[in-house]
Amino acid sequence: MKPVTEIAHGIHYVGTNDRTKHRFEGLWPLPYGVSYNAYLVDDEKVALIDTIDASFTGRLLENIRAVIGDRPVDYLIINHMEPDHSASIHAIRQAYPDITIVGNAKTLQMVEGFYGIGENAPTKTDILTVGDGDILRLGRREFQFFLIPMVHWPETMVTYCPCEKLVFSGDAFGTFGALDGGIIDTQLDTSRFWDEMVRYYSNIVGKYGGPVQKALEKLKPLLPLKTVCPTHGPVWTEKDFPKVLDLYDRLSRYEPLEKGVVIAYGSMYGNTEQTAERLARELAARGVQKIVVHNLSSSHHSFVIRDIFRYSALVIGSPTYNMHLYPEVQALVDDLELRVIPSRTFACFGGFTWAGVAVKRLTEFSERMGWPLVAPPLEIKQGFSPEKSDSVVEIADAITQKL
Ligand code: FEO
């Protein structure tokens, strides 16, 4: 029995899973793997929507042949040029030399720059440049293209198939996590994808909330959609797409998903860590249940960023190190500044041995972010003791009141 790949009439999944890559983009751990999704539309003409990571090109070609045999692919539509989706272009062009590459002007310029493929490039290929709202007829069905720049690259677009009420959405609505068997949300237990979707969104797309809001506005007239086909993670149907859409909407407005507190700290010898522990206990004593404590030397920052997008309050703790923040704390602070999150309930604490700088730096950070401190910072000289940390109750009280 052949595995079912048809996700709508004549529309096939031809992507694959990657369970060996340690870090996506060299940065983001993949504890549950990732899928690279590509789709084949079999009509009078055949169109491939995006390709996949270079390590799996052979599988992509096999998957395509399993659907159309020796017939050629007429069009390669590139919704997103990032190499996890475009790196198989050369192989596709070699297998199907008469193929026409379809993309917007920005995409095609990148295809030429990365791969030397284009109308006047070293590898000459037929090109079709499309703009916002343009239509391409395949036969029975047609595609319409919508540009959604900066979700999360400048060339990103989606391809809409009106007769199926289906959108090929690129990275939008995607998530980390391999597809263990089922491809469509109705075929699998989607509960394990929600955390990874928030981590994917907050780390990869999180800086671009404004462009995501514009994209959602542009896609509104297409709603309700029957099927949404992203380049990573499950294909969404009416079963789960409303939840995905709501999640993207809230995350791109930087609205916390839940009331709760993230305590993120660095600690060399456990003194700053004990302040973090005490604060967590004080919050719990005030009835706060959603508390996540991250030691920044052991929690990868992608999980910390995920939780900061999710919860409404953040407390950062740092020792003074080289007259600055502890390096792991500095890395988190830099990541947060890049993502321009407009508001969070914020407090900080720190420790030092001979000169206190960390709390000063964290206070400056709160000013740059526009997150006023909800309580005076606590800064402990040398060893932790319960007495020295007593003023942490002011932070716990203020945060509890704000939740
Ligand atoms: Fe999945 Fe932006 O690449």
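Look up: the structure comes first, before these words.
Source: prediction; values computed, not measured. (Residues numbered from 1 in each chain as written. Predicted model: local features only at pLDDT ≥ 70, side-chain atom pairs only at ≥ 80, totals over all residues. Heavy atoms only, no water.)

Moving on, we get to the sheet that holds strand 8 (residues 46-49). The strand order across the open sheet formed by seven strands is 1-2-7-8-9-10-13, and the pairing between neighbours is mixed. Bordering the open sheet on either side are strand 1 (6-8) and strand 13 (126-129), each of which pairs with just one other strand. Here the strands of the sheet are splayed against their neighbours by 25° on average, with no regard to which way each runs. Bridging between strand 8 and strand 9 (residues 75-77) involves three bridges; their strand directions are parallel. Looking at the pairing, Ile-49 lines up with Ile-77 of strand 9. Those strands touched by helix 1 (residues 57-68) are strand 2 (11-13), strand 7 (39-42) and strand 8, and its axis lies near 20° from that of strand 7. (Pairing = 2+ DSSP bridges. Helix = DSSP H or I, 4+ residues; strand = E, 2+ residues; numbered from the N terminus. Axes fitted to C-alpha atoms, helices over the stretch in contact; angles between N-to-C directions. Contact = heavy atoms within 4.5 Å.)

To continue, consider the packing of aromatic side chains. Counted according to the given criterion, the structure contains 18 aromatic pairs. Judged by centre distance (6.5 Å) and plane angle (50°), the rings of Phe-146 and Tyr-160 are tilted. In this pair, Phe-146 sits in strand 15 (residues 142-147) while Tyr-160 sits in strand 16 (residues 157-161), placing the two residues 14 residues apart along the sequence. Residues Tyr-201 and Tyr-248 carry aromatic rings whose centres are separated by 5.1 Å and whose planes lie at 75° to one another, so their mutual orientation is edge-to-face. Placement of Tyr-201 in helix 5 (residues 194-205) and of Tyr-248 in helix 7 (residues 241-252) is noted, with a sequence separation of 47 residues between them. What links up through ring pairs into an aromatic cluster is the set Phe-173, Tyr-201, Phe-241, Tyr-248, Tyr-254 and Phe-309. Note that Arg-199 overlies the ring of Phe-303, its terminal NZ or CZ placed 4.3 Å from the centroid. (Phe/Tyr/Trp six-rings, centres within 6.5 Å; stacked < 30°, edge-to-face > 60°. Lys NZ or Arg CZ within 6 Å of the ring centre and 35° of its normal.)

Turning next to the pairing of strand 25 (residues 378-381). Because side chains alternate across strand 25, one face comprises the buried residues Leu-378 and Ile-380, and the other comprises Glu-379 and Lys-381, none of which is buried. Note that strand 24 (residues 345-352) and strand 25 share four bridges and pair parallel. Looking at the pairing, Phe-352 lines up with Lys-381 of strand 25. (Buried < 20%, exposed > 50% of the residue type's maximum accessible area, 1.4 Å probe, protein only.)

Counting 89 residues, the largest nonpolar core has Leu-48, Ile-64, Val-73, Phe-173, Ile-316, Leu-332 and Leu-336 as the members making the most contacts within it. At seven residues, helix 5 tops the list of elements feeding residues into this core. Taken domain by domain, this core gets at least three of its residues from each of domain 1 (5-252) and domain 2 (258-402). If we skip the residues at most four places from it in the chain, Phe-173 touches Met-197, Leu-216, Leu-219, Val-228, Pro-230, His-232, Trp-236, Phe-241, Val-244, Leu-245 and Tyr-248. Among the nonpolar cores identified, the runner-up in size contains 27 residues, and Ala-8, Val-102, Leu-179 and Ile-184 belong to it. (Core = buried A, V, L, I, M, F, W, Y, C linked by side-chain atoms within 4.5 Å. Domains from an automatic or database assignment.)

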